[in-house]
Amino acid sequence: MKIKLNLSSEYREKEIVINAAQKDDEVQQILDSLKDVEEKFNHLNGYLGETVYSLALKDILFFETNDRNVYAHTTTNAFLIHYRLYELEENLPDNFLRVSKSSILNIDEILSLSRSVTGNLVQFRDSYKQIYVSRRFLKELKERLKQRSFKHEK
């Protein structure tokens, strides 16, 4: 078996391709392992008081630090999580983007990005929650939003 890794700034999304003559036990074992890895990175434990919740990443609007704690915000709650922002940034899928020193957002859940006197404000679908985007990260966010619109139009 050969393993090959191609890295390029041109790639916007991670893709795994398996080339095989037939689907045998080895191929099935690789597929099962990949599904386990994917499942591991699709959920996160969040805490509200003494209760632990399994949060699907697709349901998280953004992550934010507050008083040395990191919170995962959904449309209705903010769950304490036991990761640092830099750890999340390294391990989250490509639809999450750091937008300030203290926050990472889910690009798929953005309803609007607007400029105001106080800064660049992101509003989310089906939620009253909003966060500010640092000027340093604004260009990358706009670029990713453009790419998102092209993907949805296809």
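None of these values were measured; they are calculated from a predicted model. (Residues numbered from 1 in each chain as written. Predicted model: local features only at pLDDT ≥ 70, side-chain atom pairs only at ≥ 80, totals over all residues. Heavy atoms only, no water.)

Colleague: Could you give an account of the UniProt feature "domain: HTH LytTR-type" (unreviewed entry) in the chain, with specific residues and numbers?
Modeller: UniProt's entry tags residues 44-147 with the feature "domain: HTH LytTR-type" (unreviewed entry), counted in the numbering of this structure. Between the end C-alpha atoms of residues 44-147 the distance is 26 Å, and the span holds 19% helix and 49% strand. (UniProt positions renumbered as here; feature names shortened; annotations may be inferred. Helix = DSSP H or I, 4+ residues; strand = E, 2+ residues; numbered from the N terminus.)

Colleague: Kindly report on the sheet that holds strand S8 (residues 110-116), identifying the contributing residues and their values.
Modeller: Sheet architecture is open: 3 strands sit in the order S8-S9-S10, paired in antiparallel fashion. Each having just a single partner strand, S8 and strand S10 (130-133) make up the two edges of the open sheet. Between one strand axis and the next, the sheet turns by 25° as a mean value, whatever way the strands run. (Pairing = 2+ DSSP bridges. Axes fitted to C-alpha atoms, helices over the stretch in contact; angles between N-to-C directions.)

Colleague: How would you sum up the packing of aromatic side chains? Please name residues and give values.
Modeller: According to the stated counting rule, one finds 3 aromatic pairs in the structure shown. When the ring of Tyr53 is compared with that of Phe79, the centres are 5.3 Å apart and the planes differ by 65°; the resulting orientation is edge-to-face. Placement of Tyr53 in strand S2 (residues 51-56) and of Phe79 in strand S5 (residues 78-81) is noted, with a sequence separation of 26 residues between them. Using a relative accessible area of 35% as the deciding quantity, one classes Tyr53 as partly exposed. On the basis of relative accessible area, Phe79 is assigned to the buried category, the value being 5%. (Phe/Tyr/Trp six-rings, centres within 6.5 Å; stacked < 30°, edge-to-face > 60°. Buried < 20%, exposed > 50% of the residue type's maximum accessible area, 1.4 Å probe, protein only.)

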